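# Structure assessment
In case you want the letters, here they are:
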Amino acid sequence: MATKGSLDKARAVRAQKTLGKIEALALETLRQVKRADNPALELPIRALSNVAFSEKHRLIELGDKVQSREFFNVSMAKKFMQTFLVAGACKDLLESGKTTSIRDLFYMTKHTIKGYSENTFDDQVESDPIIEDLEVGLDALREELHLFANKKGSMVGPMVIVDTGDEIDLSRMGSGGWSVPSITEDYVIEFKKSEAEFVMLVEKEAVWHRLNEDKFWRKHKCLLLTCGGQATRGARRLIQRLNSELKLPVYVLVDNDPWGLYIYSVVKQGSISLAYESMRMACPKARFLGLRTRDFKEFKLSDEVKIELLKEDITRAKQMLAYPWFAAKQWQEEINDQLEAGFKMEIEALSNKDISFVTDVYIPQKISNKDWLV
Amino acid sequence: MSVAELSPKPQRRATAESMAQKQREISVSEFFTKNRHLLGFDNPAKALLTTVKEAVDNSLDACEEAGILPTLAVEITEVSENRYRVAVEDNGPGIVKEQIPKIFAKLLYGSKFHRLKQARGQQGIGISAAGLYAMLTTGRPILILSKTGKGRAARRVELRIDTRKNQPDVLKDEQVEWDKDHGTRVELELTGTYRGGRTGVDAYLEQSVVANPHLELTYRSPKGEVQEYPRASQELPREAQEIKPHPHGVELGMLLKMMQDSDHMSAKAALVDNFSRVSPALAQSICERAGVKPNKRAPDLLGEEIERLHKALGEVKVLAPPATCVVPIGEELIVAGLKRRFHGGQYFSSTRPPAVYRGNPFVVECGIAYGGDLPLEEPAEVLRFANRVPLQYQPKACAISEAVYELNWRNYGLSQPRGSLPLGPMAIFIHLASVWVPFTSEAKEAVAHYPELLREITLALQECGRRLAQSLRARARLDSEAKRRGLFERYIPELGMSIGKITGRTRADVEKLFLQALPHFVNMKEPPPELPPTEGGPADGAAAAPDLPPTPGPGSVEDKAPKTKKAAKRDGEAKGTATPRGKATKADSAQEEAVKVTPTKSARSKAEAVESARGGRATSKAKVKKGGRDSKAGRSKKGEQLKLIE
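What counts, and at which threshold
Residues numbered from 1 in each chain as written. Chains lettered and ligands numbered in written order. Predicted model: local features only at pLDDT ≥ 70, side-chain atom pairs only at ≥ 80, totals over all residues. Helix = DSSP H or I, 4+ residues; strand = E, 2+ residues; numbered from the N terminus. Buried ≥ 20, exposed ≤ 12 C-beta atoms within 10 Å, placed from the backbone. Contact = placed C-beta atoms within 7 Å. Nonpolar A, V, L, I, M, F, W, Y, C, P; charged D, E, K, R; others polar. Pairing = 2+ DSSP bridges. Axes fitted to C-alpha atoms, helices over the stretch in contact; angles between N-to-C directions. Parallel < 35°, antiparallel > 145°, perpendicular 65-115°, else oblique. Left-handed = near helix turned anticlockwise from the far one by under 90°.

### Remarks on the overall build of chain A
Along its length, chain A carries 13 helices and 17 strands. Burial status across chain A gives 41% buried among its 374 residues. The long-range share in chain A, meaning contacts at least 24 apart out of those at least 6 apart in sequence, stands at 71%.

This is the structure we're talking about:
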């Protein structure tokens, strides 16, 4: 078992390594300026055009297309400046051994440029992609830059973990559950004792709350997890570790709409903008439990739970049909089923039959019938 | 019975004798009273303008002819409703006592009608017509005050015109004291309407000031406001030389009269004597072509012989008339003039080389004022001039406006709705200088559509347009360069801070590195607040007619001194570079004395033909290139000219 001291030491070593990378980046820029070259940062492109679905690894992987972010270029100068602004702030964090949220970093780096009315950043929407750029550019993960996203997500289950030295029994977390931190690497979270047999990720907090109150996890020996929407990086990393280290199967329960399906997809094979982290985060064997369009008939749900597909739902669904990672027959069928049916459903629709229908009937029946998609 | 017999026989109403009793001479003055619209007195507003105009034109012509830099004062006072008193005072040579009544009170009396020489007034009808109009509408006589020199007495004369006899009627003639050395003051009282706008007196004076940079003017408007325009140039326009008629422009009647008046001369000698550009050898061949004996006495020539001579004169190849009789304003002075009226903009000008229509030499000049205080989205203001006189009426009927409308200004980066003037903060100045300006009517309001004129106007506009476009592009480039530079300079301190922090260097060190690299990526040239007009280089075929070195006024040499140095340097540069238009430049100097009648032979015309044929199709890139060449050639040309001055 790692002691707090050894954890700190490992952390300091990693910080030193990242600091070296940041400094190398800055020194290279200075060398370019001295030669009167246009200083340029080589950044892998994080867009659909530069990701590929690897059939072998069943992951979304980043391609090798690189964009050159030049300073003496009107359209890139500001981003170039912002990149070093963020790098400088990360250096401060690394040296002081502190970590901070990306929201906090936005405020750390936001200021009005002296003598002008322009701000370095106007919105966090501007600084977040810069952080991601820096991550790929430096080949350093967010946590290695001492940054984290706002934590989001709760977990309960028959398991004991060590979180930065504190032992936590996840079966004794009351009604709120353990909140999943942004960084769930093994030097932060250590799995100790586990009786869990699978991981259950649900999209909706309300459904997680129902399952927790019904003590579903106790009965079925599972780790119950929610992120209230898209799974955070911390949660995804944690799920991947549970899957690969503890060999726990992962089930995902989401709304019956294109957005729900995409949440599953990200857990399964990674996202486009964070394709460089797919290897660490994706869980290619994650099982899609539902809700599926055909569940409407199978579970004899009433017409009241149907919600008509909106225009943007249809657009999104069609977009997803074209993604290589949805090219497999079952996914094409699944998406087309929905488009043909013309309606969507929330997981809560199951409560229309009975408040604990999801706990008592839906999930157990699906799992025992192996009624899932991969 | 035939039908004709049925109709009554028409009754004789008068006999030749009875009709003869009613036939009598019509005096010109009488004719005018009935046809005053022909001379620009059709309505009260126009009458006021025409009166001022005639008086000012006369004053300017007189000053220039005498070699005096004109200083004019124009005063218009409202005497009562719709009744104005116009006074125009100049510092001209004055008028000798005996001539005063004739000049001001006899129509068709003057010095300008009988000669071929460029002048503002032409027929000698103007000022007396104004006097006549004044008299007819208010009954008040014309008042003239004139002094011919220091120490001499000034005369104050009151005149009336006897419209039946076309004779002046002197009411009063007295000696008075006048503190002026020399000059003339005319005062008239007339019924009129004072109004502003394009056709007003104010516009006329403002434009005159543009076309006459050497004019100093004080103007007191009926509203009591006083406008002062100090002289913008100390250089008096070169004196226009009088020329004899050119064989290509002569009319049959005129030829008849010439021959009759040539006593004791052979036909051949009479041709040589009466025409410009006719050598004895040429006269010989004209006679041969016409089948006329060269040694036959001129007055003895038969009508049909003269007709044949007239035909031969029109056909024979003759050198163009000497261009010395045409005095353009010149490119530099056009800019100086434009600056008096339009402030803070960019100015472009181009003076075409002399050309000829119907044996009359002429020069077209164009100037453009762009930006500054001109209104942004309005159609361009068009200022038309003939022999430096503003043309304010009938723009639609004028060849000058037509050329402006017809030109595709979109080629020069301006917007131009279909069939409209270009839009933008722009004023277009066009001057036609000629011995004989072909007006569409005696009111001298619009220039007739001669193809030769239209062509030259178009070429002048194109030259200016090219320079404007070049400058607009350069400016846009510099503007965006300045913006780029500003952007980088804004972010460099930020980089100084963060990179400094990361690498452990001082902020200043890092900033310095970036600032040193900056010039490699941006043009550091600041956009000037106003591009100098010489930027594009003066037009080829430079300012003054190539045949005469300009005779600068006493002040002008000093004025030009700093420029001359620069020009000398440019000249050197031009010599070093073999300009692609070297050939054309040579052709220019070969023109020393005259313009070729068949201009297609000169290299320049070829270039022009290409340019006009290209029209709008040329890509902007090609135009930039062309512009560059133009300016090079223009520069070397300018060098030559300044050498002439030295």
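### So, the interface of chain A and chain B
Interfaces are often sized by the accessible area lost when the parts come together. In this assembly, 24 residues from chain A lie in contact with 19 residues from chain B. Of all elements in the fold, only α1 (4-34) and α2 (77-96) of chain A reach the threshold of two or more residues within the side of chain A that touches chain B. Taken together, the residues of the side of chain A that touches chain B sort by class into 15 nonpolar, four polar and five charged.

### Concerning the sheet that holds strand β13 (residues 222-226) of chain A
All names here are of chain A. Taken in spatial order, the six strands make up an open sheet running β10-β7-β13-β12-β14-β15, and their pairing is mixed. Each edge of the open sheet is held by one strand with a lone partner, namely β10 (178-179) and β15 (287-290). One ladder, built from two bridges, connects strand β7 (residues 154-156) with β10; its direction is antiparallel. Among the inter-strand pairings, S154 is bridged to a residue of β10, identified as S179. Strands β7, β12 (198-202), β13 and β14 (250-253) of the sheet are contacted by helix α5 (residues 205-213), whose axis makes an angle of about 150 degrees with β13. Against the sheet, helix α7 (residues 233-245) touches β12, β13 and β14, its axis set at about 155 degrees to β12.

### Overview of the packing of helix α10 (residues 280-290) of chain B against helix α11 (residues 303-315) of chain B
Residue and element names in this part refer to chain B. Two numbers describe how α10 lies on α11: the axes approach to 8 Å, and their chain directions differ by 125 degrees. If you check the angle between α10 and α11, you find them oblique. The chirality of how α10 crosses α11 is right-handed. On α11, the residues that touch I286, R289 and A290 of α10 are R308, L309, K311, A312 and L313. Residues that form the contact of α10 with α11 fall into these classes: five nonpolar, no polar and three charged.

### Considering the environment of V162 of chain A
Along the polypeptide, V162 of chain A turns up in strand β8 (residues 159-163). Each residue touching V162 of chain A, except ones within four places of it in the same chain, is listed here: E167, E190 and K192 of chain A.

### Section: unusual backbone geometry
All names here are of chain A. In this structure, L291 follows G290 across a cis peptide bond, with omega equal to -5 degrees. Even without being a glycine, H146 presents a positive backbone phi close to 65 degrees. Residue placement: H146 occurs in the loop between α4 (124-138) and β6 (147-148). For K221, which is not glycine, the phi dihedral falls at a positive 50 degrees. Structurally, the position occupied by K221 is in the loop between α6 (216-220) and β13.

Without other data, these values stay purely geometric and don't point to any function.
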